Structure formats: structure tokens, C-alpha cells
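# Structural overview for review
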Amino acid sequence: MALGLRHHPGRHLATSRRLRRSLAHGRTRSKPVIQSTNIERSDVPTQTGDGDPRPVILRAENVSVSYQSASGSRVDAVREVSLDIREGEFVSIIGPSGCGKSTLLRAFGGLTRTSGGSVLLQGDPVTRPKPDKIGFVFQDYTLFPWRSVLANTVMGLQFRGVDRREREATARRYLELVGLDWCADSFPAELSGGMQQRVAIARALTTDPAVLLMDEPFGALDEQTRTLLGGELAGIVEKTGKTVLLVTHSLAEAVFLSDRILVMSARPGCIKEIVQVPAERPRTEEFLTSALFDEIRAKVFASLIEEVHRQAQANEESRRAAQRG
Ligand SMILES: Nc1ncnc2c1ncn2[C@@H]1O[C@H](COP(=O)(O)OP(=O)(O)O)[C@@H](O)[C@H]1O
Ligand SMILES: [Mg+2]
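Residues numbered from 1 in each chain as written. Chains lettered and ligands numbered in written order. Predicted model: local features only at pLDDT ≥ 70, side-chain atom pairs only at ≥ 80, totals over all residues. Heavy atoms only, no water.

The next thing to look at is the overall build of the protein. A count of helical and extended segments in the protein gives ten helices and ten strands. Carbon and sulfur atoms make up 49% of the accessible area of the protein, which totals about 15,400 Å². (Helix = DSSP H or I, 4+ residues; strand = E, 2+ residues; numbered from the N terminus. Areas by Shrake-Rupley, 256 points an atom, 1.4 Å probe, with all protein chains shown as cover.)

In C-alpha cells form, the structure reads like this:
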């Protein structure tokens, strides 16, 4: 696919590092720190050995996860996933319902034990949650209703023992980043679902985690809100240079936001295909209506729909087997 993109990953990396330092030290301005630097990324970042100089931040080696169901039978949820995620990459995971996406994400975050293989974050094995290094945003609104927006946002720093003034200043900076500094004193019930998820994103970012894992963060929102939030997330990621792994069932969201899209197979989920999204950043609404967007979306859809049918068939067979008893 000839896109005329030039490849300056080094520049991108330097920019992200500057930004991260700036956010960490409170020099964030209300306007985007990077307005439009036309960050150019590699147009063919593959799994390994692709010449992408960005360091590998998260590595999965033959990760498998099986569950023991209450009746004693075994469910193989994820089978032998191997993957390298590079610093600053945005990777989406898409696949049929029940194929193991959440399981894989949880295994990456140390929330679910692997039954085979290993997960390495910056070279260290991930065997339990690492709240300092791995941030999570889930689909369900996870804010504490009795705490104000600010009090919710400071929680990660509070657990870390950061003193009150510093943690509140940091939380306000991240609330500003997601456009919600003005409602720091409100309570979650006073916020729309989209706003609550923006607070959850701000909260996940306050500890400056190396990786942000998001499991259908906009899944409970209406389409317009999720389109807007997708755009905002793209801006936040540009500004912070965060490495993000996003589980989504929205093709448009995956194509708009990602450098790479992993299509998972029917259960037990493995990586069926990796689709590159070689579009310039920052991405604009023009990209949403471009031929390239349609082309990538169609490619992902074709790959996904096969697996959706396979998964539906497998579900039906399990249902019949359970009925037979
Ligand atoms: N804690 C659990 N115990 C037993 N089975 C589980 C558990 N969590 C998930 N599963 C099963 O593992 C499979 C994959 O689930 P999940 O990772 O949630 O899929 P997805 O996120 O792709 O919809 C499903 O069959 C699900 O029922
Ligand atoms: Mg899930």
C-alpha cells in the first residue's frame, strides 16, 4: 500500500519522551502540547525484526490460558499467543464474543494467571498486577460513587503514598488532559457515561504506567459518544506517547486508533491475523472517510466475520452438548 509516508520513528520517540516528561513534571498546557507535528510512524511495523527501533515494552511468549469451569470441565480460552508490543504503539484486539480477548488482556496485566507461556513487561515477568506499571480501563464504570471526580482520580497516587498536594496537582493535570478539570468536585452520578470513562482514563494515567490496557472502554456508550471519545483518546495518546492495548468490538474504533489490529480466532483465541494501519498521525475526521480507512476496515471485517461464524457454530454445539447432558 503506497501511502507516501516517510519513516521517522526516532523523531516520534523523542517527541513522546519529551511529552511524558512534561506531563510528569506538570508542564502540561491546556492546549495540546503537540498540536500537529505530523508524527510519522513506520508503515510496516511487524512483530519483530522489522527495523522499528522502538524498544519492545510488552512481550507475550506462547501465552495460553485455560479455566476450570464449576462443573469441572476445562475451557481453553487463549492458545499460544506470541506478540511484541513496542513503546508508543497503539494496538487493538478484535475478535468474536467469547474468543478470549479479555482473558488475553488480563493475562497481559497480570490479573489472570497463564497456564502456559509468559508475559514480560520491559523484560520482567508479569505474574501479578503491577499497578505502577500497567494501567487498566474497563468497560464498566469503575469510579467510586461516594468519591468526587478528583478523589477518584488521585487513588492510584494515594495508594502509592504520594502526598496530598502533589497527588491532587497531578490528578488535576490529567483531568485537564481529558478535558474534565472543570468538574473535579463533581460526583460520578453527575457525569455522563462518556465523562466517567474519561475520568477512568485520567485515573489510569496519573501513575504514568508503561502500558495502558483498555477492555472495551467505550462499549457501554452510544455510537456518537464513542466516536467523540475515540477522537479524544487518539489525542491523549499523541500527547502522552503511551503504549496502549485496546480490546474493542468496533471496527471503526480499531482502524481509527491503531497502528496494528490483531484479529483473534474463535475460541481458543489465538492471533489469526495482524492488520497494519499505515495512516499518518495525528488522524483526523478525513481519515474516517478516506478510501484507506474503508480498505482496512473491509480487510479486518472479512477476517473477523469468518471467526464470528465459527464461534457461533461452536457455541451452538456446546449448547446442544450441554442439553444432551
Ligand atoms: N473466570 C472464568 N472462569 C471460567 N471461564 C471463563 C472465565 N472467564 C472467561 N471464561 C470463559 O473463557 C472464554 C473467553 O472469555 P473472555 O476472555 O471473556 O472472552 P471475550 O472477552 O473475547 O468475550 C469464554 O468461554 C468465557 O466463558
Ligand atoms: Mg471481553
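Let us look at the side chain of Arg198. Tracing the backbone through its elements, the reader meets Arg198 in helix α6 (residues 193-206). Assessed through its relative accessible area of 16%, Arg198 is described here as buried. Those residues in contact with Arg198 that lie beyond four places of it in its chain are Val178, Gly179, Leu180, Leu229 and Glu232. (Buried < 20%, exposed > 50% of the residue type's maximum accessible area, 1.4 Å probe, protein only. Contact = heavy atoms within 4.5 Å.)

Bringing the sheet that holds strand β10 (residues 271-276) into the picture now. Across the sheet, which stays open at both edges, the six strands sit in the order β6-β7-β8-β3-β9-β10 with mixed pairing between neighbours. Among the strands making up the open sheet, the edge pair consists of β6 (134-137) and β10. When strand polarity is set aside, the average angle formed by the axes of neighbouring strands in this sheet is 20°. Set on the sheet, α6 makes contact with β6 and β7 (211-215); between it and β6 the angle comes to about 170°. (Pairing = 2+ DSSP bridges. Axes fitted to C-alpha atoms, helices over the stretch in contact; angles between N-to-C directions.)

Before going further, it helps to examine the site of ligand 1. Taken together, the residues surrounding ligand 1 are Tyr67, Val75, Ala77, Pro96, Ser97, Gly98, Cys99, Gly100, Lys101, Ser102, Thr103 and Arg267. Burial of ligand 1 by the protein amounts to 62% of the accessible area it has alone, namely 560 Å². Secondary-structure elements contributing two or more residues to the shell around ligand 1 are β2 (74-86) and α2 (101-108). Take the shell around ligand 1: its biggest share by element is three residues, from α2. Looking at the shell around ligand 1 residue by residue, the classes come out as five nonpolar, five polar and two charged. (Near = heavy atom within 4 Å. Nonpolar A, V, L, I, M, F, W, Y, C, P; charged D, E, K, R; others polar.)

As paired strands, strand β1 (residues 56-68) and β2 are joined by nine bridges and run antiparallel to one another. In the strand pairing of β2, Val63 is matched with Val81. The loop that links β1 with its antiparallel partner β2 comprises five residues; one of these, Gly72, has a positive phi angle of about 95°.

What follows deals with the sheet that holds strand β5 (residues 124-125). As summarised here, the arrangement of the four strands in space is β2-β1-β4-β5, forming an open sheet in which the pairing is antiparallel. Looking at which strands have only one partner, the edges of the open sheet turn out to be β2 and β5. The sheet strands contacting α2 are β1, β2 and β4 (116-121), and the helix crosses β1 at an angle near 125°.

All right, on to helix α5 (residues 164-177) then. Here α5 is 14 residues long and its end C-alpha atoms lie 20 Å apart, about the 20 Å a rise of 1.5 Å per residue gives. Gly179 lies just past α5 and shows a positive phi near 75°. (Expected span 1.5 Å × (residues − 1).)

The residue Ala202 is located in helix α6 in this model. What makes Ala202 buried here is its relative accessible area of 0%. Among all residues touching Ala202, those that are not within four sequence positions of it are Thr153, Tyr174, Leu175 and Val178.

Before going further, it helps to examine helix α7 (residues 223-240). Taking 1.5 Å as the rise per residue, α7 with 18 residues should run 26 Å; its terminal C-alpha atoms sit 25 Å apart, in good agreement. Just beyond α7, the residue with positive phi is Gly241, at close to 70°.

We now examine the environment of Pro129. Tracing the chain through its elements places Pro129 in the loop between β5 and β6. Distance from Pro129 to Gly109, taken between C-alpha atoms, is 5.9 Å for residues 20 residues apart in sequence. Discounting chain neighbours no more than four positions away, the residues touching Pro129 are Gly109, Gly110 and Leu111.

What the rule picks out here adds up to four aromatic pairs. Here a set of aromatic residues connected by ring pairs shows up, and it is made of Phe256, Phe287 and Phe293. (Phe/Tyr/Trp six-rings, centres within 6.5 Å; stacked < 30°, edge-to-face > 60°.)

What follows is about the confidence of the model for the protein. In this model, the protein carries an average pLDDT of 84, and 84% of its residues clear a pLDDT of 70 or more. Of all the helices and strands in the protein, helix α1 (residues 9-24) carries the lowest mean pLDDT, 41, while strand β9 (residues 260-264) carries the highest, 98. With pLDDT under 50 throughout, residues 1-49 is counted as low confidence; its partners more than four residues away or in other chains account for 94 contacts. (pLDDT = per-residue confidence, 0-100.)

With that settled, the discussion passes to the pattern of salt bridges. Where charged atoms of side chains with opposite charge meet at close range, the side chains can pair. This structure, assessed with the given rule, holds 15 salt bridges. A salt bridge links Arg59 to Asp84, with the shortest nitrogen-to-oxygen separation between them at 2.6 Å. Of this pair, Arg59 sits in strand β1 while Asp84 is found in strand β2, placing the two residues 25 residues apart along the sequence. Among the ionic pairs, Glu168 bridges to Arg164, the shortest N-O distance being 3.4 Å. Of this pair, Glu168 and Arg164 both sit in helix α5, four residues apart, which is roughly one turn of the helix. Connected through salt bridges with shared partners, the residues Lys272, Glu306, Glu307 and Arg310 form a single ionic network. (Salt bridge = Lys/Arg side-chain N within 4 Å of Asp/Glu carboxyl O.)

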